[in-house]
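The chain contents come next:
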Amino acid sequence: MADVKLNDRLQAYGSEVAKIVRAVSDATDEVFTELPHRRWKEATKNIYGETQEALDVWTNQIFLKRMQETGCVKAYISEELGEPWINPDDTGGYTVTIDPLDGSSNIESNNCFGTIVGIHKEKDLLAEGRKQVLAFYNLYGPITTLVTADGKHACEYVKHRKGSSDYWLWKEGLKLSDPGKLMGLGGSPNKWTPAVKDFVDYMTTLKLKVRYGGAFVGDINQILFYGGCFMYPEMTDKPQGKLRLVIECNPMAYIISTAGGYASNGVSAILDAKPKEYDERTPVYIGSTSVVRKFEEIRAKYK
Ligand code: F6P
Ligand code: MN
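Let us look at the structure shown here. (Residues numbered from 1 in each chain as written. Chains lettered and ligands numbered in written order. Predicted model: local features only at pLDDT ≥ 70, side-chain atom pairs only at ≥ 80, totals over all residues. Heavy atoms only, no water.)

Observations regarding the site of ligand 1
We count it as follows: Residue proximity to a molecule or strand is established when one non-hydrogen atom of the residue lies within 4 Å of it. We define a polar contact as two N or O atoms separated by no more than 3.5 Å, with the added condition that, inside protein, one atom must be a possible hydrogen donor and the other a possible acceptor, whereas residues neighbouring each other in sequence contribute only through side-chain atom pairs. Shrake-Rupley sampling with a 1.4 Å probe provides the accessible areas, and residues are treated as covered by the protein chains on show and by no other component. Method remark: on a 1 Å grid restricted to protein atoms, a set of points is classed as a cavity if a 1.4 Å probe fits but cannot get out and as a pocket if it is open with protein on both sides within 12 Å along at least five of seven lines; lining residues have an atom within 4 Å of a point. More than half of a molecule's atoms lying within 2 Å of a cavity's or pocket's grid points is what places that molecule inside it. For this classification, Asp, Glu, Lys and Arg are treated as charged, while Ala, Val, Leu, Ile, Met, Phe, Trp, Tyr, Cys and Pro are nonpolar and the rest, including Gly, are polar.
Taken together, Asp102, Gly103, Tyr212, Gly214, Ala215, Phe216, Tyr232, Lys242, Leu243, Arg244 and Glu248 make up the full set of residues near ligand 1. A distance of 3.5 Å separates an oxygen atom of ligand 1 from a polar atom in the backbone of Gly103. Separating an oxygen atom of ligand 1 from a backbone N or O atom of Phe216 is a distance of 2.9 Å. Starting from 400 Å² of accessible surface for ligand 1 in isolation, the protein chains cover 81%. Using a 2 Å cut-off from the grid points, one finds that ligand 1 occupies the largest pocket. For the shell around ligand 1, a count of residues per class yields five nonpolar, two polar and four charged.

Here's the deal with the coordination of the manganese ion (ligand 2)
Worth spelling out the cut-off: Coordinating donors are taken to be N, O and S atoms lying within 2.8 Å of the metal, or within 3.2 Å when the metal is Na, K or Ca; because water is excluded from the atom set, some sites may appear incomplete. Numbering goes from the N terminus for both helices and strands, where a helix is a DSSP run of H or I of at least four residues and a strand is a run of E of at least two. Summary of the burial criterion: residues with accessible area below 20% of their type's maximum are buried, those above 50% are exposed, and those between are partly exposed, where the area comes from a 1.4 Å probe applied to protein chains only.
Distances from the manganese ion (ligand 2) to its protein donors, Asp99 (OD), Asp102 (OD) and Glu248 (OE), fall within 2.0 to 2.2 Å. Look at where the donors of the manganese ion (ligand 2) fall in the sequence and you get D-x2-D-x145-E. Taken together, the positions of Asp102 in strand β5 (residues 94-102) and Glu248 in helix α7 (residues 245-258) put the pair 146 residues apart, joining distant regions of the chain. Judged by relative accessible area, which is 4%, Asp102 ranks as buried.

Keep in mind that these numbers describe shape and distance, not what the molecule does.
Structure follows, in structure tokens:
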């Protein structure tokens, strides 16, 4: 791969979008070096009633400040804020959705976690995911990577290659294999609906292997590279599943769809769902197109 930096590639999206991505990518060293030092819980809860990790609160403050400094952000919708931050100066053209530290339940066990971002240019702060102009995630793993998608191309950049602190292009034109190799299965099997259980049986016939890491970023990343399907499905006690439409599922649906895959809520494309609330949840089945479509088929028989 030729030596291409993330910053060079970002220019194609205009200076404002480039600044927004850099607000996250330039903070990687600061975030990464802080991760080992804040492994405790706060007394506060987020809007979903989940106890906040110190790192959730801290990363949110870092990214909010950096987004504010860009002057390009009109609204910042975060998993860790009760209400979106709205730019009082009305200078920015873009809405940013962010999960500052996805997979924070992995902090104690030291499995992977990351940051998920969606960028919109719509007037409507609750626009459909298909209207994103760019989505990306950062994976703070043994190899720190940043994956971007613009609707046409999905690319992986890797940090610290050859000792440089920049992100370098590692793979472009990412495409999911189909049916792929893996299934990532979220939730307790005893809460899965009959349709979900049938679907898992179907994936077993495809000889997909089970791999689940407990962070959406990591679980999507392995599907992007190995194909298959990740689901955090509808459950008998939680028909809406666990994951959040606006800040988690939409950016990932955009990335996986750009790479030739598909993301569904079980009935139709996640990217076409019109969010009603910032904190709305959705069941999600995401990965290789033929596999995810099969779930829609199976589920339709149960209605
Ligand atoms: O952000 C929510 C999240 O931590 C995701 O990263 C992950 O996919 C999921 O929840 C893990 O949930 P569970 O702990 O129920 O497996
Ligand atoms: Mn998350």
